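# Observations on chain architecture
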Amino acid sequence: MVDIKEHRQFTLLNVKDEYNAVIDDAKRLSEELGVQLYARRFYNEKPGSMYCLDPLISCFIEIDGQVGPCCYCGSYRLGNVYETSFESVWFSKEYNKLRKKRYLPACKKCTPFIPFDDPKAHFTAYFKEKDDFKLINDMFK
């Protein structure tokens, strides 16, 4: 993913077929080794077919101890590990609510919910904060 328009030539949008071939090879190898593979592909996703795993497997802890659920959540925070503990934040009512339903405004613009063929899926939240989605689409015409 890139965060400035000048880096658009570095996105996977420019190597769709090559990327899919690598994913096919990785899928074959993962099946051979009995390892689960999670990877998006070009040309075959349905809108909204992806599911955000961040609230289940990761979080972002800032230097002051504030905990955010992902890199797209903006200023939304679920607690502070210095004021309570990591466990109390991770297993909190709010975190569990987010795990059940991705209700934050950022979830509407998050990459997993945008088809991989859509150029918007390849730009970071920092670029998207500018609400310049039209510019992104125009760059790939």
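This text gives an overview of the structure that appears in the document. Being a predicted model, the structure only gives us computed values, none of them experimental. (Residues numbered from 1 in each chain as written. Predicted model: local features only at pLDDT ≥ 70, side-chain atom pairs only at ≥ 80, totals over all residues. Heavy atoms only, no water.)

Attention shifts here to the overall build of the chain. When you go through the chain residue by residue, the secondary structure sums to 6 helices and 3 strands. Starting at the N terminus, the α and β elements of the chain follow one another as α-α-β-β-β-α-α-α-α. By residue count, 35% of the 141 residues in the chain fall in the buried class. When contacts within the chain are restricted to residue pairs at least 6 apart in sequence, those whose partners lie at least 24 apart make up 50%. Roughly 9100 Å² of accessible area belongs to the chain as shown, and the carbon and sulfur atoms make up 58% of that amount. (Helix = DSSP H or I, 4+ residues; strand = E, 2+ residues; numbered from the N terminus. Buried < 20%, exposed > 50% of the residue type's maximum accessible area, 1.4 Å probe, protein only. Contact = heavy atoms within 4.5 Å. Areas by Shrake-Rupley, 256 points an atom, 1.4 Å probe, with all protein chains shown as cover.)

Let us look at the pattern of salt bridges. Under the defined criterion, the tally for this structure stands at 4 salt bridges. The closest approach of N and O atoms between Asp25 and Arg28, which form a salt bridge, is 2.2 Å. Here the residue Asp25 and the residue Arg28 both occupy positions in helix α1 (residues 16-33), the gap between them amounting to 3 residues, near one helical turn. Note that Glu62 and Arg77 form a salt bridge whose closest N and O atoms lie 2.4 Å from each other. On the criterion of sequence distance, the pair formed by Glu62 in the loop between β1 (60-61) and β2 (66-68) and Arg77 in the loop between β2 and β3 (79-80) is long-range, its members being 15 residues apart. Overall, the relative accessible area of 33% leaves Glu62 in the partly exposed class. Assessed through its relative accessible area of 26%, Arg77 is described here as partly exposed. (Salt bridge = Lys/Arg side-chain N within 4 Å of Asp/Glu carboxyl O.)

With that settled, consider the sheet that holds β1. Taken together, the 3 strands give an open sheet; going across it, the order is β1-β2-β3, and neighbouring strands pair in antiparallel fashion. The outermost strands of the open sheet, each flanked by one partner alone, are β1 and β3. Both β1 and β2 contribute to a ladder of 2 bridges, which runs antiparallel. Paired with Phe60 across the two strands is Gly68, which belongs to β2. (Pairing = 2+ DSSP bridges.)

If you walk through the whole model with that rule in mind, you get 4 aromatic pairs. Ring plane angle 20° and centroid distance 5.7 Å describe the contact between Phe86 and Trp90, whose orientation is recorded as stacked. Here Trp90 and Phe86 lie together in helix α3 (residues 86-90), a separation of 4 residues that amounts to about one turn. By relative accessible area, Phe86 is classed as partly exposed at 33%. Ring geometry for Trp90 versus Tyr95: centroids 5.0 Å apart, planes at 50°, classification tilted. An aromatic cluster of three or more residues is present, and its members are Tyr19, Phe42 and Tyr43. (Phe/Tyr/Trp six-rings, centres within 6.5 Å; stacked < 30°, edge-to-face > 60°.)

These values are about where atoms sit, not about what they do.
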